[in-house]
Amino acid sequence: MESEELSAIDIVTFVTEELQESYRKSDADKTKVFQDFLGRWHWDKEENSLAKVKALQFEFQPDLDWFNVSRPLTLAGLRGKIVVLDFFTYCCINCMHVLPELRALEERFPVESGLVVVGVHSPKFENERTAANILSAAQRYGIQHPIVNDSRSALWRSLGIRCWPSILVLNPDGVPMLLLMGEGHGGFLEEFVGAALKYYGHQQKIDHTSLPLQLSTDLQPASNLRFPAKIARSTGRYAIADAGNNRVLVVTTLGVVEHKIGGLDAGFVDGSLTAARFNNPQGVAFLDEQTLIVADTDNHALRQISLKDEVVETLAGTGHQGHDRTGGRLGPLQPLSSPWDVAVFHTRDMDMSFHLDELNVPAKTIVLIAMAGTHQIWGYFPEGIIWWKFRKFDPRCCVSLIGNGLEENRNNSYPQNAAFAQPSGLAMSSDCLFIADSESSSIRKASLVDGKVMPVVGGDRNPLNLFAFGDEDGKLYNAKLQHPLGVAYNHVDNRVYVADTYNHKIKVIVTDTNTISTLVLKNQDNSVLALREPSGLCLDDSGSNLLVSDTNNHTIYKVDLGTNIAQRFALDFKQISSASETDAPSKEVRMQLVKHLPLLEAKNCSINFIVKTSAELKFTSDAPQKWKIKSTSPNLEFTDASGNLTDGKCSLKLYKKENLPSNVFAETDQTELLIEFSLNLCDAKTCMIKRFNVTIVNENTVACNDDARTMDVNVHIDRSNITL
């Protein structure tokens, strides 16, 4: 197809794919791949293959709502910057996965370096057009770069963007150069932006001025809750996922707070209840009276809280997002992807063994996980079991159970042929799992006898139609919901309660007929209760009262199901014991090691890190052994910002910037290179994660003009200590 038959965005898509293919095939100098690509935009004037892209005219519409800036931005006003436009919608789990990649990009290249990231919010649901809801989402997900509420998707349509998320990179002249669709482009994007800033910097086209950044905030309520999510119940107490505060609260039925587990600042730390840290925990479920299971969403992990032993441990997940859609590894070795909710199911072993007393065969436990990131239902098996079709599940394994990983609303008699669209809420009946399938705007159920997936209400008969949303009571597909996030099953009357999140309503399903109706909730003065994106529900012991997590109002309501009268479920933090009162440390505690090296004696240097373990420890097979550069002197450049250790070794390549004065560090040795390590180790009995930082401080010696220099840093690790 000739380029003139293509739209401008088609051409950008095509040249992006060409660049990525060249990048993948290049074993050596990837810098040259980027330079050739960037040069093409400069010298490609005669063949005109990029003329349509260069002639493209587009701009933010006037009078749009902006966030995190003190005044609206224009694309014309951003000339001289490398501009990254992130087309996103805040319901989309893939868009949420891109945010850490953009955060790392901004940390490496601040605005003054010549890069600016702008979130272009292009809504899917009607609810997402509202500015107040976008502001809540920005605060919930910690987005600090500028966001524009393109509520009618004008820029999306004018450019021809096709999917969420899409990242469009503009050069300093405002010309689109790169279009990355979907998630997982973080490393490639960082390298490209670094090369682009250097290339255009040599042409003196980069604008290093700052922008009118101003974090958008509103007053937080005095309830001590921030974006509460799911709620779970055991005898005499509730657990609340206090997602915005990165913690879990355990409270009595009267609202007295017994434990605050975690803290305001996000982290991934096991240990005591006060030292443990979470990152946006969404789901909670009681395994027993003294044990809680937590879907630690942004840590991509399944965590366990023992109230008896007062300790938090990781059951599954590595702390980094995975893309595996099969699973099967032992918990801490199995990567997960945005677990959003959890439920507990007990069943007998299907081992076909003869038992003298069949009625007294003990039930085993299965933790069911709504894996929103891969659109599946997973299971964690604490004890191991033989289950469907006599399949054996090993103790502590974490594995996909239902769903093929495609983003669809597909029901099927065979669990691996079914498909979900961002499952986000779970509720157990005796042998049936009810699922809030948010992106298909439906409630579905899965039989835990054989895994069969069936419709309940909402969505569409066409499994590919994920836009069948609305606000209509009714039966099966005639009913319409809008991005429901929460479900709760009432064992008393066999009904399912639904948090119809983007309709700001609570609804109830009669399961015998698959019909749904709206509950008109009222305040005590008989006025209608106004909810804002409720996402969690829980019945009390009697089944006569419903707890509602009113997420964007930072409030829990208790609803009398006999009268539909709601009152605030007030939390009493004053009674909490001093031992549990301290929140988690504001920063993750990592061992800090310091090494002095002559970083600037040569034009470039290689630092080889050699990690050796004591005799009883070894690197965990198949587990990630990661390193990442967290910060470096502005006088140094590097090729790779992160990577993996191989056989306990890794090498960092650093380059002294051109035209750097030889005496630039004559008065100080504060040049620092900070490298963060996260290693998975094990001994004969247990697995553990060792996290530590190594700071390299420049050591002034006699300057030389060597082209290259290689230095070794030896790290020794035993169970209790890490040394250089």
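What you see is a predicted model, and the numbers here were worked out from it, not measured in a lab. (Residues numbered from 1 in each chain as written. Predicted model: local features only at pLDDT ≥ 70, side-chain atom pairs only at ≥ 80, totals over all residues. Heavy atoms only, no water.)

1. Concerning the pairing of strand β42 (residues 649–656)
Working step 1: Strand direction decides the pairing type here: strand β37 (residues 602–613) and β42, joined by 7 bridges, are antiparallel. If you follow Asn 604 over to β42, its bridge partner there is Tyr 655.
Working step 2: Inspection of the sheet shows strand β40 (residues 636–638) paired to β42 by 3 bridges, in the antiparallel sense. Counted as the bridge partner of Phe 638 is Leu 654 from β42. (Pairing = 2+ DSSP bridges. Helix = DSSP H or I, 4+ residues; strand = E, 2+ residues; numbered from the N terminus.)

2. Comments concerning helix α5 (residues 131–140)
The periodicity of an α-helix, 3.6 residues per turn, causes residues three or four places apart in sequence to face the same way.
Working step 1: In terms of residue burial, α5 counts as a mostly covered element, since 8 of its 10 residues are buried.
Working step 2: Where α5 is concerned, the buried positions are Asn 133, Ile 134, Leu 135, Ser 136, Ala 137, Ala 138, Gln 139 and Arg 140.
Working step 3: In the core, the buried residues of α5 are packed alongside β1 (65–67), β3 (115–121) and β4 (147–149). (Buried < 20%, exposed > 50% of the residue type's maximum accessible area, 1.4 Å probe, protein only. Contact = heavy atoms within 4.5 Å.)

3. Topic: the packing of aromatic side chains
Working step 1: Here the structure, examined in full by the defined rule, presents 23 aromatic pairs.
Working step 2: With 6.1 Å between their ring centres and 65 degrees between their planes, Phe 37 and Trp 41 make a pair best called edge-to-face. Of this pair, Phe 37 and Trp 41 are both found in helix α2 (residues 30–43), 4 residues apart, which corresponds to roughly one turn of the helix. Like Phe 37, the residue Trp 41 is buried in the burial classification.
Working step 3: Members of the aromatic cluster, joined through ring pairs, are Tyr 23, Phe 34, Phe 37, Trp 41, Phe 188 and Phe 192.
Working step 4: A cation over an aromatic ring shows up here: Lys 30 above the ring of Tyr 23, its NZ or CZ 4.4 Å from the ring centre.
Working step 5: Stacked on the ring of Phe 467, the Lys or Arg Lys 124 has its end atom at 4.9 Å from the ring centre. (Phe/Tyr/Trp six-rings, centres within 6.5 Å; stacked < 30°, edge-to-face > 60°. Lys NZ or Arg CZ within 6 Å of the ring centre and 35° of its normal.)

4. With respect to the sheet that holds strand β16 (residues 327–330)
Working step 1: Within the open sheet, the 5 strands sit side by side as β16-β22-β19-β18-β17. Their pairing is antiparallel. Two strands lie at the open edges of the sheet, namely β16 and β17 (339–348), each paired on one side alone. Averaged over all pairs of adjacent strands, the angle between their axes in this sheet comes to 25 degrees, without regard to strand direction.
Working step 2: Across 5 bridges, the pairing between strand β19 (residues 376–381) and strand β22 (residues 397–402) is antiparallel. Paired with Gly 379 across the strands is Val 399, a residue of β22. (Axes fitted to C-alpha atoms, helices over the stretch in contact; angles between N-to-C directions.)

5. Points about the sheet that holds strand β35 (residues 565–568)
Working step 1: Across the sheet, which stays open at both edges, the 4 strands sit in the order β32-β33-β34-β35 with antiparallel pairing between neighbours. Each of the sheet's edge strands pairs with one partner strand only, and the pair in question is β32 (534–539) and β35. For this sheet, the mean inter-axis angle between neighbouring strands, taken without regard to orientation, is 25 degrees.

6. Notes on the domain arrangement of the protein chain
Working step 1: Considered domain by domain, the protein chain is made up of domain 1 (8–203), domain 2 (228–568) and domain 3 (592–723).
Working step 2: For domain 2 and domain 3, the distance between their C-alpha centroids amounts to 42 Å.
Working step 3: Where domain 2 abuts domain 3, roughly 570 Å² becomes buried across the two surfaces, and 63% of that area is made up of carbon and sulfur atoms.
Working step 4: Looking only at domain 2, the three residues that lose the most surface to domain 3 are Phe 268, His 320 and Leu 333, adding up to 61% of its buried area.
Working step 5: Here domain 2 is connected to domain 3 by 0 salt bridges.
Working step 6: Counting the contacts that link domain 2 with domain 3 gives 1 residue pair in polar contact (both at pLDDT 80 or more). (Domains from an automatic or database assignment. Buried area = accessible area lost by both parts, 1.4 Å probe. Salt bridge = Lys/Arg side-chain N within 4 Å of Asp/Glu carboxyl O. Polar contact = N/O pair within 3.5 Å; in protein donor to acceptor, adjacent residues only side chain to side chain.)

7. Section: the packing of helix α4 (residues 93–108) against helix α7 (residues 186–202)
Working step 1: Running from N to C, α4 and α7 cross one another at 25 degrees; their axes reach a closest spacing of 9 Å. It follows from the interaxial angle that α4 and α7 lie roughly parallel. α7 is crossed by α4, and the crossing has right-handed handedness. Only Gly 186, Leu 189, Glu 190 and Val 193 of α7 make contact with α4, whose side of the interface consists of Glu 101, Leu 102, Ala 104, Leu 105 and Arg 108. (Parallel < 35°, antiparallel > 145°, perpendicular 65-115°, else oblique. Left-handed = near helix turned anticlockwise from the far one by under 90°.)

8. Digging into the confidence of the model for the protein chain
A low pLDDT score tells you not to read the predicted coordinates there in detail.
Working step 1: Looking at the protein chain as a whole, its pLDDT mean stands at 89, while 91% of the residues score no less than 70.
Working step 2: Between residues 660–669, whose pLDDT stays under 50, and residues either more than four places distant or in other chains, the model counts 13 contacts. (pLDDT = per-residue confidence, 0-100.)

9. Thoughts on the nonpolar core
Working step 1: Membership of the largest hydrophobic core comes to 63 residues, with the highest contact counts inside it found for Leu 85 and Phe 192.
Working step 2: Of the residues forming this core, the biggest block, 9 residues, is contributed by α7.
Working step 3: Residues in contact with Phe 192, not counting those within four places in the same chain, are Leu 19, Phe 34, Phe 37, Leu 38, Val 169, Met 177 and Leu 178.
Working step 4: With 32 residues, the next largest nonpolar core counts Leu 636, Leu 654, Phe 677 and Ile 717 among its residues. (Core = buried A, V, L, I, M, F, W, Y, C linked by side-chain atoms within 4.5 Å.)

10. What to know about the environment of Val 520
Working step 1: Looking at the element boundaries, Val 520 is found in the loop between β31 (515–519) and β32.
Working step 2: With a relative accessible area of 46%, Val 520 lands in the partly exposed category.
Working step 3: As for Val 520 and Ile 565, which are separated by 45 residues in sequence, their C-alpha atoms are 9.0 Å apart.

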